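Topology and contacts: notes
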Amino acid sequence: MIYIIGCCCFVMVALASLWFGYYVIRYHNDHELPVQLTIISLAGGLLLWEMVKSFHFKTTLPKTFKPITELEYPALFSIINEVTTSLDLSPIRKVYICPDATAAVFIQPQLRNILFEPKRNLVVGLGFLTQMDDDEIRAMLYHEFGHYAQVEMKNSISVYTIGQFSRSFVSIKELKKQGTWETQIKLQLLLFTYFAIWICNRINKAYSRLAKQMEYDADDVAVKYVGASTLQRALLHAACIRYNYDVVQWGLQQLQSQNIQVDNLYLALSFVGNYSRPTRRLLSEEVIKRVERLGKLETSNIIATTTVQQSALLLVEDNGQTSQQCRALQFAQWLRQGFTIYTQQRLLETSVELEIHLDKRKHKLPYFDGSYKLLLDDKEIGTGNFIKGYTLKRKTSPGKHKLTAYAPSGIISTPFEFEVEQDKSYQIKMDYKLHAKDGLYDVFGEKLIIV
């Protein structure tokens, strides 16, 4: 509601600006108003144009998403229909498969979703379909569809749609340092962009608090239909598959320089899974919490059906003949020797604890509650705030890194370059200063402290 009211206010201001520009031109001689005031009208027109462009902005699906029909994959659709019927959900709109180890029920948000229930799509990666048994696939789908059986999800779809619209508006902006006239023309656009960013931050914070509980609730839905032990098995197997899939991709990169391809990626992934058991430290902490929450992990000798898995292997496309081709079993045996190297690299990437901190109200200025993005090695790691301060905790690899800040306007950042060592903890003290002449804040790292 705040966002809708805010949008209406900005639209009214923009329309008033257009009317004022018309008034200045039409009655210029009567009131001797300077024609330069029409720049206000241009500012309103630009804002309305950009808002209309955002309405038509539509997220495109990755090129790796391939739609599949029930005739092509009856085994998977049989389980999908069973799950949607049990949860009393409307039929799925489209089903996609992709090469990765992933699974998600998703919507492509449109503004009509604020009033009407959106149509759902499903994507499942061949990494799961070719490795998991039917019961594990069923448990995974009950979890994914379980999100949409929750009241919280039904109530949050409109908020999610607003968030996507706000992000699409911000994503098409390229607000760089402009001259005086350009700044005046883009003034209303800049103000609305800040408003959109503020809404996105509010949605992100609210969702981050809700997301963990929604995962637990979706797990509870799955437990009701497949049992706790089956869901635990599916969660752990999925985590192992994701890890092994990353290992296989790493191995493929090593062979790529020699123009060597593996004849069957997923058969190789299956062979790797026979000897690869990633340690607890290499698995997601959230997955471990979800498994432990369901009770004691029990081992059982269940002979599960693999109808979905066998059908998935038939969908795997042949790489074709290349100058050099490696058999899946040969690749998996070779990769076993390099497994230790990859594991060491993964552990190394998260061996340094990093804390980025700014004190609350460190200076009297600024008076506004301004926020900005913090980038570590040009990748966003969180949001900073002048007034409230912040403490961001991240894990990184030893070596040299660069910390910067970014905002659409009003912020410059002096890059803070630093070097860290393995298995140590560091704190970066942040600071900022005002360049009054240019009206810009410089955000920078003040010092690096070993904790």
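This text follows the structure it describes.
To keep things clear, this report deals only with the structure shown in the data block. (Residues numbered from 1 in each chain as written. Predicted model: local features only at pLDDT ≥ 70, side-chain atom pairs only at ≥ 80, totals over all residues. Heavy atoms only, no water.)

This brings us to the overall build of the protein. Scanning the protein from terminus to terminus reveals 14 helices and 15 strands. Burial status across the protein gives 44% buried among its 451 residues. Nonlocal contacts in the protein, meaning residues at least 24 apart in sequence, comprise 74% of its contacts between residues at least 6 apart. A total of about 25600 Å² of accessible surface is found on the protein, and carbon and sulfur atoms cover 55% of it. (Helix = DSSP H or I, 4+ residues; strand = E, 2+ residues; numbered from the N terminus. Buried < 20%, exposed > 50% of the residue type's maximum accessible area, 1.4 Å probe, protein only. Contact = heavy atoms within 4.5 Å. Areas by Shrake-Rupley, 256 points an atom, 1.4 Å probe, with all protein chains shown as cover.)

What follows covers unusual backbone geometry. Phi at Asp88 takes a positive value of approximately 55°, unusual for a residue other than glycine. Within the secondary structure, Asp88 sits in the loop between helix H4 (74-86) and strand E2 (94-98). Of the residues examined, Asp88 reaches a relative accessible area of 70% and is grouped as exposed.

Here the focus is the sheet that holds strand E4 (residues 121-125). Strand pairs in the sheet, formed through backbone hydrogen bonds, run parallel or antiparallel to each other. The four strands lie next to each other as E1-E2-E4-E3, forming an open sheet whose pairing is mixed. The open sheet has two edge strands, strand E1 (66-68) and strand E3 (103-106), and neither has a second partner. Pairs of neighbouring strands in the sheet enclose a mean axial angle of 25°, with direction left out of account. When E1 meets E2, the two strands line up antiparallel, connected through three bridges. Bridge pairing in E2 places Pro67 opposite Tyr96. (Pairing = 2+ DSSP bridges. Axes fitted to C-alpha atoms, helices over the stretch in contact; angles between N-to-C directions.)

What makes a disulfide is a covalent bond joining the sulfur atoms belonging to two cysteines. For the coordinates displayed, the defined rule picks out zero disulfides. With no disulfide of its own, Cys8 has Cys7 as its nearest cysteine by sulfur position, at a separation of 7.0 Å. Judged by its relative accessible area of 43%, Cys8 falls in the partly exposed class. (Disulfide = S-S within 2.5 Å.)

This brings us to the sheet that holds strand E7 (residues 352-358). Strand order in this open sheet of five strands is E10-E7-E14-E15-E12, and the pairing throughout is mixed. Bordering the open sheet on either side are strand E10 (390-396) and strand E12 (411-414), each of which pairs with just one other strand. Taking the axes of each pair of neighbouring strands and ignoring which way they run, one obtains an average angle of 25° across the sheet. By the bridge criterion, 10 bridges tie strand E14 (residues 425-435) to strand E15 (residues 440-450) in an arrangement that is antiparallel. Bridge assignment links Tyr426 to a residue of E15, and that residue is Ile450.

With that out of the way, let us pick up the side chain of Thr230. Mapped onto the elements of the fold, Thr230 is located in helix H10 (residues 228-256). Owing to a relative accessible area of 12%, Thr230 belongs among the buried residues under this scheme. Thr230 has contacts with Asp135 and Ala139, leaving out every residue within four places of it along the chain.

Given 3.6 residues to a turn, an α-helix orients residues that are three or four positions apart in the same direction. Three or more residues of helix H11 (residues 265-275) are buried, namely Leu265, Tyr266, Ala268, Leu269 and Val272. In a view along the axis of H11, the buried residues occupy a sector of 150°, so they form one face of it. The N-terminus of H11 is capped by Asn264, whose side-chain oxygen sits 3.2 Å from the backbone nitrogen of Tyr266. (Arc of directions from axis to C-beta. Polar contact = N/O pair within 3.5 Å; in protein donor to acceptor, adjacent residues only side chain to side chain.)

Two elements in contact, H10 and H11, have axes whose closest approach is 10 Å; the angle formed by their N-to-C orientations is 120°. Judged by the inter-axis angle, H10 sits oblique to H11. By crossing handedness, the relation of H10 to H11 is classed as right-handed. Of the residues in H11, those touching H10 at Ile241, Asn244, Tyr245, Val248, Gln249 and Leu252 are Leu265, Tyr266, Leu269, Val272 and Gly273. Across the contact of H10 with H11, the residue classes break down as eight nonpolar, three polar and no charged. (Parallel < 35°, antiparallel > 145°, perpendicular 65-115°, else oblique. Left-handed = near helix turned anticlockwise from the far one by under 90°. Nonpolar A, V, L, I, M, F, W, Y, C, P; charged D, E, K, R; others polar.)

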